[in-house]
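Structural overview
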Amino acid sequence: MTEQPILMFDSGVGGLTVLREARVLMPDRRFVYVADDAAFPFGAWEEPALRTHILELFAKLLDRFVPAISVIACNTASTLVIDALRERFPGHPFVGTVPAVKPAAERTRSGLVSVLATPGTVKRQYTRDLISKWAQKCHVRLVGSDRLAGLAEVYMREGFVDEEAVRAEIAPCFMENEGLRTDIVVLACTHYPFLVNRMRKTAPWPVDWIDPAEAIARRALSLLPPVDGALPQGEPDIAVFTSGKADFAVGRLMQGFGLSVR
Ligand code: DGL
């Protein structure tokens, strides 16, 4: 029997930031990367419609790929449906990606923290609950960006990024209050780590940018039973695009990540 793969799910290329960490920790595992690009951007969806859409899609994905575990490598989806997915598919392990509010609250010195995310993640009750649970002593600003996920998509496909747009999108993250400044920005969208160098360059002052990818990969590893023997030959990692329209640029990008598009 072939080994069951790890399924990684996002609306686009953002989940690749989690895949690259997962590969480091689990080099002997097989991955299926699912980009729900037909529904991109998740950040702009109304909650009930997106919840229904993801639950219906997962019924098909679990059936088709029979994964050992599914990683929802997307904050916008996880903060909305992770509980519903666990309820609907009991017995199948899901790892979610949610804003790294707790580590930010533990690490900040100034007490001024920003959470940079999609408009969807910023609106979620889940996100607000994380802040009241873990960051009561901090001043947390939620910054919803309409454009950054799209800018990251373009950057990864075409190598181009509009730096002035990045500067404008991150500007609201930077607060100054009684001589103190924001010292941590949580990257609460898996697309954003791809733009972190541009963010560093256009930020008004240096901050720590928290990317939870490694922690998510570690969590997935902790839930998996060890691989029994060597990886079967001839089983490449694959990428699936729900639009069915992966163009040349996307194909090349996926190839760079060692994924063959199906
Ligand atoms: N990568 C997704 C996240 O982590 C969101 C991008 C989108 O809006 O579809 O939130």
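Before reading further, recall that the structure is shown in the block above.
Below you will find a few notes about this structure. (Residues numbered from 1 in each chain as written. Predicted model: local features only at pLDDT ≥ 70, side-chain atom pairs only at ≥ 80, totals over all residues. Heavy atoms only, no water.)

1. Observations concerning the site of the ligand
Test applied: Consider each residue's heavy atoms; a residue with any of them within 4 Å of a molecule or strand counts as near. Distance and chemistry together define a polar contact, namely a pair of N or O atoms within 3.5 Å, with one atom able to donate a hydrogen and the other to accept it when in protein, and with adjacent residues in sequence counting only for side-chain atoms on both sides. Each accessible area is a Shrake-Rupley result for a 1.4 Å probe, and residues are judged covered by the shown protein chains and nothing else. Basically, the charged four are Asp, Glu, Lys and Arg, the nonpolar ten are Ala, Val, Leu, Ile, Met, Phe, Trp, Tyr, Cys and Pro, and anything else, Gly included, counts as polar.
Surrounding the ligand, one finds 14 residues, the nearest of these being Ser-11, Phe-42, Thr-76, Thr-190 and His-191. Here an oxygen atom of the ligand and a side-chain polar atom of Thr-76 are 2.5 Å apart. Compared with its free state, where it exposes 300 Å², the ligand has 99% of that area covered by protein. Its residues placed into classes, the shell around the ligand shows 6 nonpolar, 7 polar and 1 charged.

2. A word on unusual backbone geometry
The phi angle of most residues is negative, glycine excepted, and most peptide bonds adopt the trans form. Applied cut-off: Numbered from the N terminus, helices here are DSSP runs of H or I no shorter than four residues, and strands are runs of E no shorter than two. Exposure classes here rest on a 1.4 Å probe applied to the protein chains alone. A residue is buried below 20% of its type maximum, exposed above 50%, and partly exposed in between.
A cis geometry characterises the amide bond from Phe-40 onward to Pro-41, with omega recorded as 0°. With respect to the helices and strands, the residue Pro-41 is situated in the loop between β2 (31–35) and α2 (47–65). Positive phi values are uncommon outside glycine, yet Val-66 reaches one of about 40°. Position of Val-66 relative to the elements: it lies in the loop between α2 and β3 (69–72). In this structure Val-66 comes out as partly exposed when scored by relative accessible area, which is 47%. A positive phi angle is found at Glu-178, which is not glycine, with a value near 45°. You can see Glu-178 is positioned in the loop between β7 (176–177) and β8 (180–181). Overall, the relative accessible area of 79% leaves Glu-178 in the exposed class.

3. Focus on the side chain of Thr-76
To be explicit about the condition: Contacts between residues were defined by any pair of non-hydrogen atoms, one from each residue, lying within 4.5 Å.
Tracing the backbone shows Thr-76 in helix α3 (residues 75–88). Judged by relative accessible area, which is 3%, Thr-76 ranks as buried. There is a polar contact of 2.9 Å between the side chain of Thr-76 and the side chain of Thr-118. Not counting residues within four places of it along the chain, the set of residues in contact with Thr-76 comprises Phe-42, Gly-43, Thr-118, Gly-120, Thr-121 and Arg-124.

4. A closer look at the sheet that holds strand β5 (residues 112–117)
For clarity, the threshold we go by: Two strands are counted as paired when DSSP detects at least two bridges linking them. Convention adopted: a line fitted to C-alpha atoms gives each axis, helices being fitted over their contacting stretch, and angles between N-to-C directions are expressed from 0 to 180 degrees.
Taken in spatial order, the 4 strands of this open sheet run β6-β5-β9-β10, and their pairing is parallel. The strands lining the two open edges of the sheet, one partner per strand, are β6 (139–144) and β10 (208–210). Strand-to-strand twist across the sheet, computed as the mean angle between neighbouring axes with direction ignored, equals 20°. Examined bridge by bridge, strand β9 (residues 184–187) and β10 share 3 bridges and lie parallel to one another. Bridging from a neighbouring strand, Val-186 pairs with Ile-210 of β10.

5. Quick notes on the nonpolar core
We apply this condition: The criterion is simple. A nonpolar core is a set of buried Ala, Val, Leu, Ile, Met, Phe, Trp, Tyr and Cys residues joined through side-chain atoms within 4.5 Å.
In this structure, Ile-6, Met-8, Leu-16, Val-71, Met-254 and Leu-259 are the most contacted members of the largest nonpolar core, which totals 29 residues. Elements supplying a minimum of two residues to this core: β1 (6–10), α1 (16–25), β2, β3, α10 (213–223), β11 (238–241) and α11 (248–256). Of all hydrophobic cores here, the second largest spans 25 residues; its members include Val-34, Leu-57, Phe-65 and Leu-80.

6. Things to note about α10
Just so we agree on the cut-off: What the arc covers is the set of directions going from the helix axis to the C-beta atoms.
Residues of α10 that are buried include every one of Ala-213, Ile-216, Ala-217 and Ala-220, and no others. Down the axis of α10, the smallest arc covering the buried residues is 100°, so these residues share one side. Along its buried surface, α10 packs onto α1, β3 and β4 (94–95).

7. A look at the pairing of β2
Stated precisely, the cut-off is as follows: Handedness of a crossover is defined as follows: with both strands directed away from the viewer, a clockwise route from the first strand across the helix to the second makes it right-handed.
By the criterion of burial, β2 is predominantly enclosed, with 5 of the 5 residues buried. Along β2, one buried face is formed by Phe-31, Tyr-33 and Ala-35 and the opposite face, lined by Val-32 and Val-34, is buried too. When β1 meets β2, the two strands line up parallel, connected through 5 bridges. Bridging from a neighbouring strand, Met-8 pairs with Tyr-33 of β2. Where the polypeptide runs from β1 across α1 and back to β2, its parallel neighbour, the crossover connection is right-handed.

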